[in-house]
Amino acid sequence: MLELDAVTAGYDRRAPVFRAASLTLAPGESVGLLGPSGCGKSTLARVAALLHRPDAGRVTVDGEPVRGWRHRAPRRLRTAIGVVFQQPRLSADPRLTLHDLIAEPLRATGRRTEAPERVAALAAATGLTGDLLTRRPHEVSDGQLQRACLARALVLRPRWLVCDEMTAMLDASTTAALVAAVEEYRAEHGAGLLAVGHDRVLLERWCDRTVEWAGCAEPGT
Amino acid sequence: MKPDTVKPDAATSDAVRPGAVAPVLSVRELSVRFRMRGGRHIAAVTGASFDLAAGECLALVGESGCGKSVLASALLGLLPGNAQTAGSAVIEGTGGTDAVDLLTASERTLARTVRGRRIGLIPQSPAAHLTPVRTIRAQLAETLRALDRTPRSALPAAVTAAADRAAFPTGLLDRYPHELSGGLAQRAATALALVGDAPLLLADEPTTGLDRDLVHRTADELRRHTDDGRALLTITHDLAAAERIADRVAVMYAGRIVELTDAAAFFGAPGPRHPYARGLLAALPERDFRPIPGLPPELGDLPTGCAFAPRCPRATDRCATAPDFADGVACHHAEEPARA
Ligand SMILES: Nc1ncnc2c1ncn2[C@@H]1O[C@H](COP(=O)(O)OP(=O)(O)OP(=O)(O)O)[C@@H](O)[C@H]1O
Ligand code: SF4
Ligand SMILES: [Mg+2]
């Protein structure tokens, strides 16, 4: 289970972006969270991915309450959750080749020997062909870079995947291809998914169920 | 010496001409190539031709990296130094101004008389386009003074009116760009683009990152500015936004316009005629939600034949030769046009 219980979060304790957000994902379940621009979806996604410390409330991952965030989160929790953001250019180290970008979490966790086999498998799964893996982010398109960011999110075989508007910058065909890659991974590994966004048609087609922002959180101020 | 102005091209072709109105923008055989290290070339745009009239919206759609934004940069004279252009892109003369070929005009002409005044740009990443250290109010006021010569006493009201036109909440005018969500930054950038009252608006991904309601509002707003008599070229990967706003659609693949057609026929019946365009529409979550297999080709290494052939369900031996653009489509085996 991935549980958010009465979470309040934001960038200024006196004026949180949202209050009392609660959401529970069953193992292997895919949930689409729908909300308007600026409501705080991305902030909530970062909390769920253990990347943003909430001001109040509890987050529990497979029964374990989360006590540290970002680099203070225990490795076993950090590696249980993969995350993909809306803008691949903001989340990809421009100095790394796509191969090294995908392998980065393996290196960071001392498992670099797995890199050749994992990167090859994920490149195939996400449709990265030819010499793309040898290029750096500025030498590939947004769609190609987002494929690599998805591969990176899957490289440690997470039990949970958080996708914050993963396809908002992408064309219809690349969107369908990335969603298919996520679903293939989930079918194989039984991973759960929190997909955050505002495209109702997309999330209703993609996820087991969708949740409205208004029914899950209260506005901050 | 490069000429600053040229005569509008008298010859127009039926394939690119919608009606009888004189075009605001006339693009002919526009190509852009980037010179890379080691003598390599990237063919970002090849042979693009289209006309755009006042009161009309053309949506340029296609996959990420297909050359859409390069085409827009070429029209604005904002290509990097290693770019080479061919063809022409003429913006008509209005109210005593001369026609200008955007590809050959000097930077001085473009900066002084074109950008902001004759072409309003609604940029792809508004947050990056806005000046980070100045509030939205200050940026609108500065643009109003520069382009409209609004007197100081009239500025407060003019700023509010400019914000209103793009549905930017006047209560947030004193915010800095980084304090705005994606949708609000988009509206601030749109408000700035509308200030100069340019006859041609160029919107690069104007709805990216916005929620559906905002996409609709932005699209409707842009449509309203078009109906007011502006010409609008909108570049987008968002087919739903294109459907809502466009009169005509140009589909780009691997740097070429492969289909140019009426929006109603494209999104409704009989649908697109080019196999790539059909695949792109079918990939929508409200349709088949099935991706086109494979990836677009590298623009530095295009095949000699049709660039879509490796992914095309209809490809035959004939497709080893590049198809010409004729009758609104570039394909050897296009769907039959609708019968009258
Ligand atoms: N680093 C930051 N500092 C201050 N305010 C911020 C910061 N990041 C986001 N905000 C504000 O927090 C609010 C919620 O932002 P968030 O990015 O979570 O919205 P969103 O729902 O993802 O919106 P969109 O769909 O427009 O991307 C917005 O008002 C935004 O301006
Ligand atoms: S020319 Fe041939 S390969 Fe190209 S789109 Fe048409 S049928 Fe397909
Ligand atoms: Mg967001």
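Residues numbered from 1 in each chain as written. Chains lettered and ligands numbered in written order. Predicted model: local features only at pLDDT ≥ 70, side-chain atom pairs only at ≥ 80, totals over all residues. Heavy atoms only, no water.

For chain A, the name recorded in an unreviewed UniProt entry is ATP-binding cassette domain-containing protein, with Streptomyces lichenis as its organism.

Here we take up the overall build of chain A. Counting its secondary structure elements, chain A contains eight helices and ten strands. In terms of overall size, chain A behaves like a compact globule, its C-alpha atoms giving a radius of gyration of 17 Å where 221 residues would be expected to give roughly 17 Å. For chain A, with 221 residues in total, the buried portion stands at 57%. Contacts in chain A between residues far apart in sequence, at least 24 positions, make up 72% of those at least 6 positions apart. Of the roughly 9,300 Å² of accessible surface on chain A, 50% is carried by carbon and sulfur atoms. Computing the positive centroid from 29 side-chain charges and the negative centroid from 26, chain A places the two 7 Å apart. (Helix = DSSP H or I, 4+ residues; strand = E, 2+ residues; numbered from the N terminus. Rg over C-alpha atoms; globule rule 2.2 N^0.38 Å. Buried < 20%, exposed > 50% of the residue type's maximum accessible area, 1.4 Å probe, protein only. Contact = heavy atoms within 4.5 Å. Areas by Shrake-Rupley, 256 points an atom, 1.4 Å probe, with all protein chains shown as cover. Lys, Arg positive; Asp, Glu negative; His and termini not counted. Charge placed at Lys NZ, Arg CZ, Asp CG, Glu CD.)

Opposite the 29 residues of chain A that make contact, chain B presents 27 residues. Of the roughly 2,200 Å² buried between chain A and chain B, counting both surfaces, carbon and sulfur atoms make up 57%. When the buried surface of chain A facing chain B is broken down by residue, Asp171, Ser173 and Arg205 of chain A rank first, second and third, together holding 24% of it. One can count one salt bridge joining chain A with chain B. In this structure, Arg135 of chain A engages Glu298 of chain B in a salt bridge whose closest nitrogen and oxygen atoms are separated by 3.3 Å. Across the contact surface, chain A and chain B share eleven residue pairs in polar contact (both at pLDDT 80 or more). Listed by contribution, the elements that provide at least two residues to the side of chain A that touches chain B are helix H6 (142–154), helix H7 (172–189) and helix H8 (200–206) of chain A. In terms of residues, the side of chain A that touches chain B owes the most to one element, H7 of chain A, which gives six residues. Across the side of chain A that touches chain B, the residue classes tally to eleven nonpolar, twelve polar and six charged. (Buried area = accessible area lost by both parts, 1.4 Å probe. Salt bridge = Lys/Arg side-chain N within 4 Å of Asp/Glu carboxyl O. Polar contact = N/O pair within 3.5 Å; in protein donor to acceptor, adjacent residues only side chain to side chain. Nonpolar A, V, L, I, M, F, W, Y, C, P; charged D, E, K, R; others polar.)

Among the secondary structure elements, His237 of chain B is positioned in the loop between strand E8 (231–236) and helix H8 (239–245). Side-chain polar atoms of His237 of chain B contact the backbone oxygen of Met169 of chain A, separated by 3.4 Å. Polar side-chain contacts of His237 of chain B include one of 3.3 Å to the backbone oxygen of Leu170 of chain A. In this structure, His237 of chain B is in contact with Ala168, Met169, Leu170, Asp171 and Ala172 of chain A together with Gly62, Glu205 and Thr208 of chain B, ignoring residues within four places of it in sequence.

Attention shifts here to the site of ligand 2. Residues and elements named next belong to chain B. Taken together, 13 residues lie near ligand 2, and Cys306, Cys312, Cys319, Cys331 and His332 sit nearest. Structurally, ligand 2 is housed in the largest cavity. Here the residues of the shell around ligand 2 sort into nine nonpolar, three polar and one charged. (Near = heavy atom within 4 Å. 1 Å grid on protein atoms, 1.4 Å probe; cavity = no way out; pocket = protein on both sides within 12 Å on 5 of 7 lines; lining within 4 Å. Sits in = over half its atoms within 2 Å of the grid points.)

Feature annotation in UniProt places "domain: ABC transporter" (unreviewed entry) on residues 2–218 of chain A, given in this structure's numbering. Helix makes up 35% of residues 2–218 of chain A and strand 23%, whereas the separation of the span's terminal C-alpha atoms amounts to 20 Å. (UniProt positions renumbered as here; feature names shortened; annotations may be inferred.)

Attention shifts here to the nonpolar core. Across soluble globular proteins, nonpolar side chains have a tendency to be buried as a group. Core analysis: the largest hydrophobic core is formed by 123 residues, its most contacted members being Leu150 and Trp206 of chain A together with Leu30, Phe50, Leu71, Leu75 and Leu102 of chain B. Judged by nonpolar contacts, the second largest core, of 33 residues, contains Leu2, Leu4, Val7 and Trp160 of chain A. (Core = buried A, V, L, I, M, F, W, Y, C linked by side-chain atoms within 4.5 Å.)

Moving on: the packing of aromatic side chains. All names here are of chain B. Under the criterion given, the structure shown has five aromatic pairs over all chains. Where Tyr253 meets Phe308, the ring centres are 5.1 Å apart and the plane angle is 80°; that geometry is what we call edge-to-face. Residue Tyr253 is found in strand E9 (residues 248–253), and its partner Phe308 is found in the segment after helix H10 (275–282); the two are separated by 55 residues along the sequence. Relative accessible area serves as the criterion here: at 3%, Tyr253 is assigned to the buried category. On the basis of relative accessibility, which here comes to 3%, the residue Phe308 falls in the buried class. Summarising the aromatic geometry, the rings of Tyr276 and Phe308 are spaced 5.3 Å apart at their centres and angled 70° between planes, so their arrangement reads as edge-to-face. With Tyr276 in helix H10 and Phe308 in the segment after H10, the pair connects residues that are 32 residues apart, well separated along the chain. An identical accessibility class is assigned to Tyr276 and Phe308; each is buried. The structure contains a cluster of three or more aromatic residues connected by ring pairs, namely Tyr253, Tyr276 and Phe308. (Phe/Tyr/Trp six-rings, centres within 6.5 Å; stacked < 30°, edge-to-face > 60°.)

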